[in-house]
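Structural overview
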Amino acid sequence: MNDAVLPLSMFLADKAETIRLGEELALTVKPGDCIALIGDLGTGKSTLARALIRAIAGNPYLEVPSPTFTIVQSYDLRFPVAHLDLYRLSDVSELDELGIDEMLSDGVCLIEWPEMAASELPKDSTITLRLAHQDQGRLATIDAPPRQRARLERVRAIGEFLERKGKGDASRQYFSGDAAYRTYEMISDADGQCLLMDWQPPPRGPVIQDGKTYAEIVHLAREVTPFIAIDHYLTDKGFSAPAILAQDVQQGILLLEDIGRDGVLDDQGNPIEERYLASVACLAALHETPTPGSITLADGAAYEISPFDADAMKIETSLLLDWYLPHIRGEETKDTEKKTFFAVWDQLIEKLDDVETGLLLRDFHSPNIIWQAEKTGIQRVGIIDFQDAMIGPTAYDLASIVQDARVTISPDMQARLVEHYLDIRRQNPAFDEKAFLKAFAIMAAQRNCKLVGIWVRLMTRDGKPHYMKHMPRTFSYLRSALEHPDLMLLRDWFESAGVDLHQQ
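Residues numbered from 1 in each chain as written. Predicted model: local features only at pLDDT ≥ 70, side-chain atom pairs only at ≥ 80, totals over all residues. Heavy atoms only, no water.

On to the overall build of the protein. Along the backbone of the protein there are 15 helices and 20 strands. Relative to the compact-globule value of 23 Å for 504 residues, the protein shows a C-alpha radius of gyration of 26 Å, a close match. Within the protein, contacts between residues at least 6 apart in sequence are counted, and of these 68% link residues at least 24 apart. Roughly 23300 Å² of accessible area belongs to the protein as shown, and the carbon and sulfur atoms make up 50% of that amount. (Helix = DSSP H or I, 4+ residues; strand = E, 2+ residues; numbered from the N terminus. Rg over C-alpha atoms; globule rule 2.2 N^0.38 Å. Contact = heavy atoms within 4.5 Å. Areas by Shrake-Rupley, 256 points an atom, 1.4 Å probe, with all protein chains shown as cover.)

Gaps left between atoms are located by rolling a probe of water-molecule size over the structure's atoms. Taken as a whole and assessed by the stated rule, the structure comprises one cavity of 30 Å³ or more. Roughly 50 Å³ of internal volume is contained in the largest cavity. If you trace the largest cavity, you find it lined by Ser46, Ala49, Arg50, Val64, Pro65, Ser66, His83 and Glu112. Ranked by residues supplied to the lining of the largest cavity, first place goes to helix α2 (residues 45–57) with three residues. Of the residues that constitute the lining of the largest cavity, the class distribution is three nonpolar, three polar and two charged. (1 Å grid on protein atoms, 1.4 Å probe; cavity = no way out; pocket = protein on both sides within 12 Å on 5 of 7 lines; lining within 4 Å. Points joined across faces, edges and corners; volume = space filled by probe spheres on them. Nonpolar A, V, L, I, M, F, W, Y, C, P; charged D, E, K, R; others polar.)

Attention now moves to the packing of aromatic side chains. What the rule picks out here adds up to ten aromatic pairs. Relative to Trp113, the ring of Tyr87 lies with its centre 5.1 Å away and its plane at 55°, an arrangement referred to as tilted. With Tyr87 in the loop between β4 (80–85) and α3 (95–98) and Trp113 in the loop between β5 (108–112) and β6 (126–134), the pair connects residues that are 26 residues apart, well separated along the chain. The exposure class assigned to Tyr87 is exposed, which follows from its relative accessible area of 56%. An aromatic cluster is built from Phe341, Phe342, Trp493 and Phe494, whose rings are joined through pairwise contacts. Geometry around Tyr174 places Arg78 over its ring, the cationic atom sitting 3.7 Å from the centre. Above the plane of the ring of Trp199 lies Arg182, whose end atom (NZ or CZ) is 4.6 Å from the centre. (Phe/Tyr/Trp six-rings, centres within 6.5 Å; stacked < 30°, edge-to-face > 60°. Buried < 20%, exposed > 50% of the residue type's maximum accessible area, 1.4 Å probe, protein only. Lys NZ or Arg CZ within 6 Å of the ring centre and 35° of its normal.)

Our next topic: the nonpolar core. Ranked by internal contacts, the top residues of the largest apolar core, which has 101 residues, are Leu234, Leu320, Leu359, Leu490 and Phe494. Not counting chain neighbours up to four residues away, the residues in contact with Leu490 comprise Phe341, Val344, Trp345, Leu348, Ala445, Cys449 and Leu482. Formed by 29 residues, the second largest nonpolar core is a distinct cluster that contains Leu25, Leu52, Leu62 and Leu129. (Core = buried A, V, L, I, M, F, W, Y, C linked by side-chain atoms within 4.5 Å.)

Taken in spatial order, the five strands make up an open sheet running β8-β9-β10-β14-β13, and their pairing is antiparallel. Two strands lie at the open edges of the sheet, namely β8 (171–177) and β13 (244–248), each paired on one side alone. Averaged over neighbouring strand pairs, the angle between their axes works out to 25° when direction is ignored. Along the sheet, helix α1 (residues 15–28) makes contact with β8 and β9 (182–189), crossing β8 at roughly 10°. This element, helix α5 (residues 146–164), spans β8, β9, β10 (192–199), β13 and β14 (253–257) of the sheet and lies at about 135° to β10. (Pairing = 2+ DSSP bridges. Axes fitted to C-alpha atoms, helices over the stretch in contact; angles between N-to-C directions.)

Contact pair helix α9 (residues 310–329) / helix α13 (residues 433–460): the axes reach a minimum separation of 7 Å and the direction vectors enclose 45°. With respect to α13, the element α9 is oriented oblique. Remark: the crossing between α9 and α13 carries left-handed chirality. Each of Ala312, Met313, Glu316, Thr317, Leu319, Leu320, Trp323, Tyr324 and His327 in α9 lies in contact with α13, whose residues at this interface are Met443, Gln446, Cys449, Lys450, Val452, Gly453, Ile454, Val456, Arg457, Met459 and Thr460. Looking at side-chain class alone, the contact of α9 with α13 contains twelve nonpolar, five polar and three charged residues. (Parallel < 35°, antiparallel > 145°, perpendicular 65-115°, else oblique. Left-handed = near helix turned anticlockwise from the far one by under 90°.)

Residues apart from glycine generally show negative phi values, whereas peptide bonds are mostly found in trans. Residues other than glycine seldom take positive phi values, yet Trp113 does so here, at roughly 50°. Of the residues examined, Trp113 reaches a relative accessible area of 21% and is grouped as partly exposed. Of note in this structure, Asp210 is not a glycine but carries a positive phi near 50°. Structurally, Asp210 can be placed in the loop between β11 (207–209) and β12 (212–213). Accessibility expressed as a relative area gives 67% for Asp210, which makes it exposed.

Scope: geometric values only; no functional claims are made or implied.
Below, the structure is given as structure tokens:
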């Protein structure tokens, strides 16, 4: 119980509002949370529990039987959910057999009649929800620890935003979350479906260089304004990006057009060449579009796009030194080795002085491309997740899609994609193909040096070993980039560091 602040109270006029509260809780809870559901018979506990479980499942028709006689009903959803009814427990000792602690290690527990277990439930993660008759409806009272309460208050603030935008009766379901502090909800009502982006500013993080954090050095967006600005630029120039239907910039809430689910991969996760060819054609069109200066927002403010500067390039490649090399060696990278590595990159970055620069989307690859078959030309390529866009060597984005980090693109297909891109760009007499290919090789090497560090970091720091399956592919892409004559210095560094690029 959280005694520091007053519980949250809300009146539920009918069954629909009880279901809506269950859906809001489903957007709130995370693995480790326990919901203690208290109320007399007929107060709506079963209705709320059923709505919560169905919302987590993303299935409004999921069968949710009462656990009265089984005591525990388990669901294998986007995270495990255990629905318990302790009414028939005769002694607290029986809780040991249920293994609530184990259930909470990677999932959520929803407990009806939790009074028997009150002393055993985790105080720092238990949300206590009481339902009581009031007039013709129900009074819901929620007491929660600070983290869980903050999540619930955020979900309810989004509900108020939707109410103001005429979607107060819409159904809300968790859609996805990404690596940053962004989550997405699917909003459905009589007008159809749209997506809600919930973007709360992340904590600043540790300072690592020149008074800046890693995110600040590499110019990662920390709030919704960059997304809005780049979205407006892309759509104004005829590219396909989600329309922004409503926004609250101060709260970090955007209501976005749902542009579909189809991507550029087949059902087995293999690249669909036609769609990749269309994607590189879209990229060529973007690179022929004048580089944006500042972008004027709806309120008249100007947004300046950050440069992909030397500090950003080098700090990203340092992930190889900080994570990959210690992983294969079992010891930290020596300072002398770091110094020579960065000296190599200083020389490579100098070679970019004469290359084409423009808007680079930063993550133009399969997860961020939505195929829109009903459209034509470049509009078939729907672009999402571009809030971290920068001004820098345009070749970076071609490297991102041709050497897709999560998809194996064969050397032959890579060659066809690059040639298709170049055929389009050659129509412009000012296009410097030789300089572009030099930039392509350097940017491909930069990106893949970063990725080999990221895969190890995800495994060792974040407990996500499945990302290591991308390592062989990343090294194959890196070997390809290092074949360019301007990358000889970096090839030599890898050899001196004892990294056998052909054994990865």
